[in-house]
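Residue-level structural notes
In case you want the letters, here they are:
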Amino acid sequence: MPRLFTGLEIPSDIGQTLSSLRGGLPGARWIDPENYHVTLRFIGDIDGIIANEIASTLFRVNRKPFEVKLQGLTSFGGRKPRAVVATIAPSKPLIELQAELERMMQRIGLDPEGRKFIPHVTLARLRDSSSREVADYLSSRAALFSSSFRVSRFVLFSARASVGGGPYVVEADYPLAA
């Protein structure tokens, strides 16, 4: 059974800049830069028949390319931090693309995504990092550059069953109409 999700790839130059933030946080398991991405819709472990249906359905998306802007760093998990992420500025085209993908997955028969869409790039997964250590890390790197990139496609990724962080494989790509 493949584990699938749709997402946006991060250009290598931005990945390189994000990777310079690695280190200096005890308990962090840093994501390899080639696995940086923005998850649009987690699909999960599914059988090959549904995977093929999903792959063919995604070709119906007809949207224009748009810009995505990184806007800062934060952590997820509150008092028990579990990840350090680069946040993405919400944009109407990004929100609309994600919503369309969500509707498509529900029409195929998948359960609705249980979490609110918060666009981000996971930089590290945390284990036993205190909220104080994470706060110190974030404050020392608060001036994250405000870089943007053009999104001209989204992809269907597969992942091996693991604790997260890759490796991820692009199974199919879906160009946005010019």
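Our subject is the structure listed above.
Below is a summary of the structure that appears in this document. These numbers come from a predicted model, not from an experiment.

In this section: the packing of helix α2 (residues 48–57) against helix α3 (residues 92–108). The relative placement of two packed helices is expressed as an angle between their axes plus a distance between the axes. Packing of α2 against α3 brings their axes to within 11 Å, and their N-to-C directions diverge by 140 degrees. Classified by the angle their axes make, α2 and α3 are oblique. Where α2 crosses over α3, the two elements pack in a sense that is right-handed. Taking contact as the criterion, the partners of I50, E53, I54 and T57 in α2 are, on α3, M104, M105 and I108. Along the lines of polarity and charge, the residues of the contact of α2 with α3 split into five nonpolar, one polar and one charged.

Our next topic: the sheet that holds strand β4 (residues 66–76). Pairing within the open sheet is antiparallel, and its five strands lie in the order β2-β6-β5-β4-β7. The open sheet has two edge strands, β2 (28–30) and β7 (148–151), and neither has a second partner. Within this sheet the neighbouring strands show an average axis-to-axis angle of 35 degrees, counted without direction. Sheet analysis places β2 next to strand β6 (residues 120–126), joined by three bridges and oriented antiparallel. Pairing of W30 across the sheet is with A124, part of β6.

The tally for this structure, following the rule as stated, stands at six aromatic pairs. Judged by centre distance (5.2 Å) and plane angle (85 degrees), the rings of F5 and Y168 are edge-to-face. Here the residue F5 occupies a position in strand β1 (residues 3–9), and Y168 occupies one in strand β9 (residues 168–175), the gap between them amounting to 163 residues. Each member of the pair F5 and Y168 is classed as buried. Note on F154 and Y174: the rings are 5.0 Å apart at their centroids and 20 degrees apart in plane angle, and the pair reads as stacked. Within this pair, whereas F154 is found in strand β8 (residues 153–159), its partner Y174 is found in strand β9, the two being separated by 20 residues in sequence. A relative accessible area of 0% places F154 in the buried class. Taking relative accessible area as the criterion, Y174 reaches 2% and is therefore assigned buried. Through successive ring pairs, a cluster of aromatic residues spans F5, F157 and Y168.

The rules we used
- Residues numbered from 1 in each chain as written.
- Predicted model: local features only at pLDDT ≥ 70, side-chain atom pairs only at ≥ 80, totals over all residues.
- Heavy atoms only, no water.
- Axes fitted to C-alpha atoms, helices over the stretch in contact; angles between N-to-C directions.
- Helix = DSSP H or I, 4+ residues; strand = E, 2+ residues; numbered from the N terminus.
- Parallel < 35°, antiparallel > 145°, perpendicular 65-115°, else oblique.
- Left-handed = near helix turned anticlockwise from the far one by under 90°.
- Contact = heavy atoms within 4.5 Å.
- Nonpolar A, V, L, I, M, F, W, Y, C, P; charged D, E, K, R; others polar.
- Pairing = 2+ DSSP bridges.
- Phe/Tyr/Trp six-rings, centres within 6.5 Å; stacked < 30°, edge-to-face > 60°.
- Buried < 20%, exposed > 50% of the residue type's maximum accessible area, 1.4 Å probe, protein only.

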